[in-house]
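Chain by chain, the residues run as shown.
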Amino acid sequence: MIHRRAVLLCGDDFLYTEGMDVKIDESWKKVLKDEFEKPYFQELAKFVKEEYQKTTVYPPPKDIFRAFNLTPFDKVEVVILGQDPYHGPKQANGLCFAVHEGIRQPPSLQNIFKELEDDLGGKPHVSSELESWAKQGVLLLNATLTVRAHSAGSHQGKGWEQFTDAVIQKLSEEKDYLVFIFWGNFARSKKTLIDTFKHDVIESAHPSPFSANHGFFGSKPFSKTNEFLKAHDKKQIDWLA
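The following paragraphs examine the structure supplied in this document. None of the values given here were measured: they were computed from a predicted structure.

1. Section: the pattern of salt bridges
If the charged atoms of two oppositely charged side chains come close together, the side chains can form a pair.
Logical step 1: This structure, assessed with the given rule, holds 17 salt bridges.
Logical step 2: Note that E51 and R148 form a salt bridge whose closest N and O atoms lie 2.6 Å from each other. Of this pair, E51 sits in helix α2 (residues 39-54) while R148 sits in strand β6 (residues 147-148), and the two are 97 residues apart along the sequence.
Logical step 3: Note on R148: relative accessible area 32%, which makes it partly exposed.
Logical step 4: Connected through salt bridges with shared partners, the residues R66, E129, E131 and K135 form a single ionic network.

Next comes the structure, spelled out in structure tokens:
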């Protein structure tokens, strides 16, 4: 049987979805192998490749799967779910809510840091890159992994959501005692994918300025996460570092 070949642009290379040599951490490649071979992902890969060729897309191709590469499957303890990458220049870095060091912090990230300080009672020293969280086992996952410049939601409905839903389901099925942090109605809708008998779901309003005062501030997601991890003999996250 001959499979139609689709390509995904990554850096200066083309990665062929036939054979599924996607540049992603080996632990994720093993878990998601079947997903990469499905027709929808091949169509998604073709779409993304064409978008990078004809227009400006964020994040840079090398960072599309950065959340997975910084947080291997076997290291995941916490999942924070965003919706889209930032669509402004030099903002998106492959981790939800994060921006590159030196880039002005978007309002949602500012509010996350404010709640962090209020929750844990210490001054956050964590970089706006949020790499330190990712390296401690916090998967900073956007539901859609790419976006056109200056066009929010432009890559929604192309297959990324099906892929990231599968990621959430794999984590729920194959791991124990994870914490899923869902901010806002979109993220909260993913609760149906999770086995809440063994995992904890912490949900609240979104940290956006439009909703932060309506349930995000005072929700204490960081201390609640560590309480759950501690109760299940897991290492707590140093959110301030």
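What follows continues from the structure just given.
2. As for the sheet that holds strand β5 (residues 138-142)
Neighbouring strands of a sheet are bound in pairs by backbone hydrogen bonds; such pairs are parallel or else antiparallel.
Logical step 1: Reading across from one edge, β5-β4-β7-β8 is the order of the 4 strands in this open sheet, with parallel pairing throughout. The open sheet has two free edges, formed respectively by β5 and β8 (200-204), since each of these has just one partner strand. Strand-to-strand, the axes of this sheet are offset by a mean angle of 20°, without reference to chain direction.

3. Remarks on the nonpolar core
Logical step 1: Ranked by internal contacts, the top residues of the largest apolar core, which has 67 residues, are W28, F65, I80, W133, F163, L171 and W239.
Logical step 2: Contacts of W28, omitting those with residues within four sequence positions, involve F68, T71, P72, F73, V76, L139, V167 and L171.

4. Looking at the layout of surface pockets
Logical step 1: Approximately 440 Å³ is the volume found for the largest pocket.
Logical step 2: Together, 26 residues line the largest pocket, and Q83, D84, P85, F97 and H206 are the ones closest to its centre.
Logical step 3: Elements with a minimum of two residues in the lining of the largest pocket: β4 (78-82) and α7 (185-188).
Logical step 4: Take the lining of the largest pocket: its biggest share by element is 3 residues, from α7.
Logical step 5: Of the residues contributing to the lining of the largest pocket, the split by class is 12 nonpolar, 13 polar and 1 charged.

5. A word on the packing of aromatic side chains
Logical step 1: For the coordinates displayed, the defined rule picks out 20 aromatic pairs.
Logical step 2: With 4.9 Å between their ring centres and 90° between their planes, W28 and F68 make a pair best called edge-to-face. Taken together, the positions of W28 in helix α1 (residues 26-36) and F68 in helix α3 (residues 66-70) put the pair 40 residues apart, joining distant regions of the chain.
Logical step 3: With centroids separated by 6.4 Å and ring planes inclined at 85°, the aromatic side chains of Y40 and F41 adopt a geometry described as edge-to-face.
Logical step 4: Classification of Y40 as buried rests on a relative accessible area of 13%.
Logical step 5: Following the ring pairs from residue to residue traces out a cluster consisting of W28, F36, Y40, F41, F65, F68, F73, W160 and F163.
Logical step 6: A cation over a ring is seen here: K114 above F217, with NZ or CZ 4.7 Å from the ring centre.
Logical step 7: When the ring centre of F73 is taken as origin, the NZ or CZ atom of K175, which lies over that ring, is 5.4 Å away.

6. Quick word on empty space enclosed by the protein
Logical step 1: All chains considered together, the criterion is met by 1 cavity of 30 Å³ or more.
Logical step 2: In this structure, the largest cavity spans a volume of roughly 60 Å³.
Logical step 3: Every residue along the wall of the largest cavity is listed here: I64, A67, F68, P85, G94, L140, N142, T144 and L145.
Logical step 4: When residues of the lining of the largest cavity are traced back to their parent elements, those giving at least two are α3 and β5.
Logical step 5: Grouping the constituent residues of the lining of the largest cavity by class yields 6 nonpolar, 3 polar and no charged.

7. Here we look at the packing of helix α4 (residues 107-120) against helix α8 (residues 221-231)
Logical step 1: Put simply, α4 and α8 touch, their axes get as near as 7 Å, and they point 60° apart. In terms of orientation, α4 and α8 fall into the oblique class. Facing α4, whose interface residues are I112, E115, L116, D119 and L120, α8 presents P221, F222 and S223.
Logical step 2: In terms of residue class, the contact of α4 with α8 is made up of 5 nonpolar, 1 polar and 2 charged.

Parameters and conventions
- Residues numbered from 1 in each chain as written.
- Predicted model: local features only at pLDDT ≥ 70, side-chain atom pairs only at ≥ 80, totals over all residues.
- Heavy atoms only, no water.
- Salt bridge = Lys/Arg side-chain N within 4 Å of Asp/Glu carboxyl O.
- Helix = DSSP H or I, 4+ residues; strand = E, 2+ residues; numbered from the N terminus.
- Buried < 20%, exposed > 50% of the residue type's maximum accessible area, 1.4 Å probe, protein only.
- Pairing = 2+ DSSP bridges.
- Axes fitted to C-alpha atoms, helices over the stretch in contact; angles between N-to-C directions.
- Core = buried A, V, L, I, M, F, W, Y, C linked by side-chain atoms within 4.5 Å.
- Contact = heavy atoms within 4.5 Å.
- 1 Å grid on protein atoms, 1.4 Å probe; cavity = no way out; pocket = protein on both sides within 12 Å on 5 of 7 lines; lining within 4 Å.
- Points joined across faces, edges and corners; volume = space filled by probe spheres on them.
- Nonpolar A, V, L, I, M, F, W, Y, C, P; charged D, E, K, R; others polar.
- Phe/Tyr/Trp six-rings, centres within 6.5 Å; stacked < 30°, edge-to-face > 60°.
- Lys NZ or Arg CZ within 6 Å of the ring centre and 35° of its normal.
- Parallel < 35°, antiparallel > 145°, perpendicular 65-115°, else oblique.

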